[in-house]
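# Inside the fold
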Amino acid sequence: MEPRNNEGLKPGIWREMGLTDAEFEKVKNILGREPNYVELGIFAVMWSEHCSYKTSRPVLKFFPTRGEHILQGPGENAGIVDIGDGQAVVFKIESHNHPSAIEPYQGAATGVGGILRDVFTMGARPIALLDSLRFGSLQNPRTRYLFGGVVSGISGYGNCVGVPTVGGEVYFAPSYEENPLVNVMCVGLIDHKDIKKGTASGIGNPVMVVGARTGRDGIHGATFASEELSEESAEKRPAVQVGDPFMEKLLLEACLEVIKSGYVVGIQDMGAAGLTSSSCEMASRAGTGIEMDLSLVPRREEGMTPYELMLSESQERMLVVVKKGTAEKVKEIFARWDLEAVVVGRVTGDGMLRLTEGEQVVAEIPAQALTDEAPVYERPYSEPEYLSAVQELPVAKIPQPVDYERVLMDLLSSPNIASKEWVYRQYDHMVGTNTVVRPGSDAAVLRVKGTKKGIALTTDCNGRYCYLDPYTGGMIAVAEAARNLVCAGAKPLAVTNCLNFGNPEKPAVMWQFRRAVEGMSEACRSLNTPVTGGNVSFYNETRETAVYPTPTVGMVGLIEDLDYRCTQDFKDEGDIIIMVGETRMELGGSEYLRVAHGLEAKGRPPKMDLELEKKVQQAVLESIKRGLVKSAHDCSEGGLAVALAESCISGGIGAEIYSVENIRGDALLFGESQSRIIITTAENNVAELIRYLTVMEVPFTRLGTVGGRELKINLLDPGCAAGRPRAVINLPVSEMEKRWRGAIECLMK
Amino acid sequence: MKFGVVVFPGSNCDADCFNAVKAVLDQPVEYIWHKSNSVEGFDCIILPGGFSYGDYLRAGAIARFSPVMEAVIEFAHRGGLVIGICNGFQVLLEAGLLPGAMRRNDSLQFICDDTYLKVENADTAFTALWQPGQVIKIPVAHGDGNYYCDENTLKELQQNNQVVFRYCSPAGEVTAQANPNGSIDNIAGVCNKQGNVLGMMPHPERCAEKILGNDDGAMLFKSILAAWQRRVK
Amino acid sequence: MYQAKIYITLRQSVLDPQGSAVTRSLHAMGYENIKDVRVGRYLVVEVDAAGREAAEEQVHDMCKKLLANPVIEDYTFELVEV
């Protein structure tokens, strides 16, 4: 372990810390000497995949990052997008996968804590959280333990801080069995003038540590996140930190107050790699240095070494650089909230991160060497071998269902489609009194108090599609997120993403990663939703099994006038149902194949035509703004039939549908063709709506009418559309609701 | 009429209560810091929801010893209007201004959802604008809302008409199924004997504006103002 | 210096949902002989008091006022000199 005093480094110790021999040589070159133990620890953590993005950086360059609304792109604690009137939205998504696999409650809770700090550190008040979660099968007791633990961890932390959890997604697939994914997104609101960044400028300015005391928790969490999970991972339990949401709430209020006071120069969360990353990143951004006396850092435990102080990942701490002469004022503000704020050092002009213990220098490293000079790897990539086998889908051999009602009921009770009420009932999704559209719709909508504006939020990714074809899957993740926002009546503005993949040292995983990013970039460009940042999580892999490539997209949209918001529920008897977009003969990657035919991931995902997507979204958004649309719902997992059922259930009303069977009935009702939105309109607006859709040159089909207590679906013979319709589904809404609403709760009992 | 919203460390519905008073009544409202030892000049005190002191130890247990609580207790004894919502209700119980105590929800899970309430006592300053027996929809959000008191206390509450709200079905039936947390006698809110102190788990401030999809809670704030106007006349 | 080890549980007459859940789980795991589980809190409090009696009185006092809620909770404690 840690050597005492002036003992030299144990040969090869850098490998235990996660550095390669070549990286160690580079460290020696930078310093012009051998590093001591503290310095080596600092390099190891800053050059870990988690902190340095050494593998992903060259690929992330594909993302478009600029646009008219973007105030802050990647590189800061969070992205910022303009919403007019001098206001902006600050947002970011981040993973906490590895900690959650080891200790689900604390892993998820501290994930929430970290992302909240990333947002309020920029001066924004957090107004919403969303969670994108992935687990194995709920039949497995361990999955139930992980799922239950993660949900209560999110609930325990978010509810206590008082930021509503308004949305997200949950999927279950075998590939996540040992590697659950916990991606948390936070959204904050800010006035442009209050934006603060993580920079340490102004030579001589005091550097302060504020918030919780430092303990030995989570030492090497960042390196831990950069390794595959193994049997020994459980032994590394100390790497999981414990969160204190009460402390976080105090820190949140105190930080916002101190930022408003004007005393702050720069501020940053001590996230992964704690004091190390916050100090060198802040110095590096400003081109300055930072000098800190570690003996001044308030601590929770006795006898902590400089190494432990620098690498501790104790939660609820911030590093703040304040204007000269204001430290006492800042202390007073924190004291009002019963928090400690201590000056531990100052900004210097020599670009060095210099750490002392009293008078004695214990580490001295050029700050930029830790950030900008971190190694970058162009890792080899090649198409995975599994791909051609899984993409093959002999459709002719798949029998068409005899009982469509049964298939629909099975789909509605599949945990991937069933109501997530069991989850979001445990989240306080109303605190803040901004939640205008609650969880369970395509997108959550929050009002911006004092204006007519609303913000629409969603997260999206279908990992199965990405496994079958990461390029198309990546495009669909972006397109569907945007479509969800459009269904709420919002204009999609910008993206944050959380890229969850396996071990990138394997060429097949690297290929998935590149292709997914390329696909997402293409869609982001096409839909004009630039990427403002996010997070990459590699090594989601156990014993050779990697998770499905899961590039989660978090998206923010703007509703200019909340009077023209839209929800998915069918409203009134007699409203006309129209499907915008078109259904193709596509079954690959569908939930239907899994549920009805036991094919978990087979075929090619649905085609993504970005030109069509754009047209559909524009046409629907404009129709909503013109007040022609009473409900709008994206057609996704489970296809048309499930989308119709969901609109019936949430509206508490039935519908009668007539559809020409011009392709296989199962593809027509359960296929997952993209770029489709189900809208309804009042009968007296039908003509105008149809005229408009025609002018916009988007394909659309009139499906039927809202009404009654059942969902009735009838198929018409394409050769003889005037002939007798074939009734394939006639189900009471109440029965569908029971199955859909109760499925997850039933599995969790 | 001047409202005061107490801010404990960890309160997180303080701003929501503040906004509701502004939005519904447009009356003066101010925050009262927990270290303050006076509530002079206020006509109604709101103890908001949240997790005061993290709810570590027991919900409301530590907040009850905040300096401001002495002033609030004295204010209540003088007949001042005090309403505790959610965590505020827990603080009132711990402070002894209302009888009973809160246990973990019987599901052991935090629950955030709409509930239907039956207005059992429409004679209080907080409920006077509702009809007796009226069914209203107000959301809950809590992990410790399982109200408990011993049998004698329960009898007393019933005899004195101190049960103000009961959880019920949308049709107004007080059933076990409509009870979200296991509260004894489906109790969602109680008042003191004098009727000037109300504690309730559901959040009226979360459903006080139309834009939020439900404004049933607005009536509570309007009732308070009406009662105060009657009083000062 | 004394150390008080304080145990706080729900009173016997009060339903303990956590305890019931743990009992059910234990039964499901095969520990059928488990009759009842009460879940509570355990606090270790260091008291710098003049004597045992004074310490005891203080601990009783703080239990009644803050640490336990007498409406639903019982407490017991052990006091050891350290």
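Residues numbered from 1 in each chain as written. Chains lettered and ligands numbered in written order. Predicted model: local features only at pLDDT ≥ 70, side-chain atom pairs only at ≥ 80, totals over all residues.

## Examining the overall build of chain C
- Along chain C, the regular secondary structure elements total two helices and three strands.
- Along chain C, helices (α) and strands (β) appear in the sequence β-α-β-α-β when read from the amino end.
- The C-alpha radius of gyration of chain C comes to 16 Å, more than 25% above the 12 Å expected for a compact globule of 82 residues.
- Across its three principal directions, the C-alpha atoms of chain C cover 50 × 25 × 15 Å.
- Put simply, 66% of the contacts in chain C that link residues at least 6 apart link residues at least 24 apart. (Helix = DSSP H or I, 4+ residues; strand = E, 2+ residues; numbered from the N terminus. Rg over C-alpha atoms; globule rule 2.2 N^0.38 Å. Contact = placed C-beta atoms within 7 Å.)

## Concerning the overall build of chain A
- Tallying secondary structure elements over chain A gives 26 helices and 28 strands in all.
- Compactness check: chain A gives a C-alpha radius of gyration of 26 Å against a globular reference of 27 Å for 749 residues, within 12% of the reference.
- Within chain A, buried positions represent 62% of all 749 residues. (Buried ≥ 20, exposed ≤ 12 C-beta atoms within 10 Å, placed from the backbone.)

## Comments concerning the domain arrangement of chain A
- Domain assignment breaks chain A into domain 1 (1–66 + 197–381) and domain 2 (386–414 + 566–748).
- Each of domain 1 of chain A and domain 2 of chain A has a C-alpha centre, and the two are 51 Å apart. (Domains from an automatic or database assignment.)

## Some words on the interface of chain A and chain B
- Counting from both sides, the interface comprises 22 residues of chain A and, opposite them, 22 residues of chain B.
- Looking at the side of chain A that touches chain B, the elements that each hand over two or more residues are helix H8 (141–161) and helix H10 (245–261) of chain A.
- Among the residues forming the side of chain A that touches chain B, the class breakdown is 10 nonpolar, seven polar and five charged. (Nonpolar A, V, L, I, M, F, W, Y, C, P; charged D, E, K, R; others polar.)

## Thoughts on the packing of helix H1 (residues 14–25) of chain B against helix H5 (residues 218–232) of chain B
Residue and element names in this part refer to chain B.
- Between H1 and H5, whose axes approach to 10 Å, the crossing angle comes to 75 degrees. Classified by the angle their axes make, H1 and H5 are roughly perpendicular. Two secondary-structure elements touch here, H1 through Ala 20, Val 21, Val 24 and Leu 25 and H5 through Ala 218, Phe 221, Lys 222 and Leu 225.
- Of the residues contributing to the contact of H1 with H5, the split by class is seven nonpolar, no polar and one charged. (Axes fitted to C-alpha atoms, helices over the stretch in contact; angles between N-to-C directions. Parallel < 35°, antiparallel > 145°, perpendicular 65-115°, else oblique.)

## Some remarks on the interface of chain B and chain C
- In this complex, chain B contributes 11 residues to the contact, which on the side of chain C involves eight residues.
- Along the lines of polarity and charge, the residues of the side of chain B that touches chain C split into five nonpolar, one polar and five charged.

## Comments concerning the environment of Tyr381(A)
All names here are of chain A.
- Among the structural elements, Tyr 381 can be located in the loop between helix H14 (367–370) and helix H15 (386–391).
- Overall, the presence of 18 C-beta atoms within 10 Å leaves Tyr 381 in the partly exposed class.
- Sequence-wise, Tyr 381 and Arg 514 are 133 residues apart; in three dimensions their C-alpha atoms are separated by 8.3 Å.
- For Tyr 381, the residues in contact, after removing those within four places along its chain, are Pro 507, Met 510, Trp 511 and Arg 514.

## Things to note about the arrangement of the chains
- When the two pairs of chains in contact are ranked by number of contacts, first place goes to chains A and B.
- One finds no contact between chain A and chain C; the C-alpha atoms of the two approach each other to within 12 Å at their closest.

## Quick word on unusual backbone geometry
- Unlike most non-glycine residues, Glu697(A) shows phi in positive territory, near 60 degrees.
- With respect to the helices and strands, Glu697(A) occurs in the loop between helix H25 (686–695) and strand S26 (700–706).
- Taking the number of C-beta atoms within 10 Å as the measure of exposure, Glu697(A) has 8 and is therefore exposed.
- Of note in the backbone geometry, Asp55(B) takes a positive phi value of approximately 55 degrees without being a glycine.

## Overview of the sheet that holds strand S25 (residues 677–681) of chain A
Residue and element names in this part refer to chain A.
- Taken together, seven strands build an open sheet; the order of strands is S23-S25-S22-S26-S24-S27-S28 and the sheet is mixed. Looking along the sheet, the strands with just one partner apiece sit at the ends: strand S23 (631–634) and strand S28 (726–732). Geometrically, the sheet is characterised by an average inter-axis angle of 20 degrees between neighbouring strands, direction not taken into account.
- By the bridge criterion, five bridges tie strand S22 (residues 576–580) to S26 in an arrangement that is antiparallel. Across the sheet, residue Ile 578 finds its bridge partner in S26, namely Arg 702. (Pairing = 2+ DSSP bridges.)

## Brief notes about the nonpolar core
- Within the largest apolar cluster, 334 residues are counted, with the highest numbers of intra-cluster contacts made by Val478(A) and Val580(A).
- For this core, the two domains that each supply at least three residues are domain 1 (1–66 + 197–381) and domain 2 (386–414 + 566–748) of chain A.
- Ignoring anything within four residues of it in the chain, the contact list for Val478(A) reads Val495(A), Met520(A), Ala523(A), Cys524(A), Leu527(A), Thr529(A) and Val553(A).
- Counting residues in hydrophobic clusters, the runner-up holds eight residues, among them Ile6(C), Ala55(C), Leu67(C) and Ala68(C). (Core = buried A, V, L, I, M, F, W, Y, C linked by C-beta atoms within 7 Å.)

## Observations regarding the sheet that holds strand S10 (residues 187–191) of chain B
All names here are of chain B.
- The strand order across the open sheet built from nine strands is S2-S1-S3-S4-S11-S10-S9-S6-S7, with neighbouring strands paired in mixed fashion. Both edges of this open sheet fall to strand S2 (29–33) and strand S7 (135–142), since each of them pairs with a single strand only. Looking at each pair of strands side by side, their axes are set apart by 25 degrees on average, direction ignored.
- The pairing of strand S1 (residues 3–7) with S2 spans five bridges and is parallel. Bridge pairing in S2 links Val 5 to Tyr 31.
- Running over the sheet, helix H2 (residues 67–77) touches S1, S2, strand S3 (44–47), strand S4 (81–85) and strand S11 (197–200) and is turned about 125 degrees from S4.

## Examining helix H3 (residues 37–46) of chain A
- Across the 10 residues that make up H3(A), a large majority, 10, are buried.
- Among the residues making up H3(A), those that are buried are Tyr37(A), Val38(A), Glu39(A), Leu40(A), Gly41(A), Ile42(A), Phe43(A), Ala44(A), Val45(A) and Met46(A).

## Focus on the confidence of the model for chain C
- For chain C, the mean per-residue pLDDT works out to 89, and 100% of the residues sit at or above 70.
- Predicted complex metrics record ipTM = 0.97 and pTM = 0.94. (pLDDT = per-residue confidence, 0-100.)

## Section: the environment of Arg216(A)
- Its place among the elements puts Arg216(A) in the loop between strand S7 (206–211) and helix H9 (221–224).
- Excluding residues that lie within four positions of it along the chain, Arg216(A) makes contacts with Glu301(A), Met304(A), Glu308(A) and Ser312(A).

## Quick look at the pairing of strand S2 (residues 79–84) of chain A
All names here are of chain A.
- Inspection of the sheet shows strand S1 (residues 70–72) paired to S2 by two bridges, in the antiparallel sense. Directly across from Gln 72, in S2, lies its bridge partner Ile 80.
- Linking S1 to S2, which pair antiparallel, is a turn of six residues; within it Gly 75 sits at a positive phi near 115 degrees.
- Looking at chain direction, S2 and strand S3 (residues 87–95) are connected through five bridges and run antiparallel. Its bridge partner being in S3, Ile 80 is matched across the sheet by Val 90.
- The hairpin turn running from S2 into S3, its antiparallel successor, is two residues long, and Asp 85 in that turn takes a positive phi close to 55 degrees.

## Describing the pairing of strand S16 (residues 454–460) of chain A
All names here are of chain A.
- Across the seven residues that make up S16, a large majority, seven, are buried.
- Residue alternation in S16 divides its side chains into two sets, Gly 454, Ala 456, Thr 458 and Asp 460 and Ile 455, Leu 457 and Thr 459, and both sets are buried.
- The hairpin turn running from strand S15 (residues 444–447) into S16, its antiparallel successor, is six residues long, and Gly 450 in that turn takes a positive phi close to 85 degrees.
- In this sheet, strand S21 (residues 550–559) lies alongside S16 in antiparallel orientation, the contact comprising seven bridges. From the neighbouring strand, Gly 454 faces S21, where its bridge partner is Ile 559.

## Considering the environment of Pro58(A)
- By the element assignment, Pro58(A) lies in helix H5 (residues 57–60).
- Note: C-alpha distance between Pro58(A) and Ala124(A) (66 residues apart in sequence) is 30 Å.

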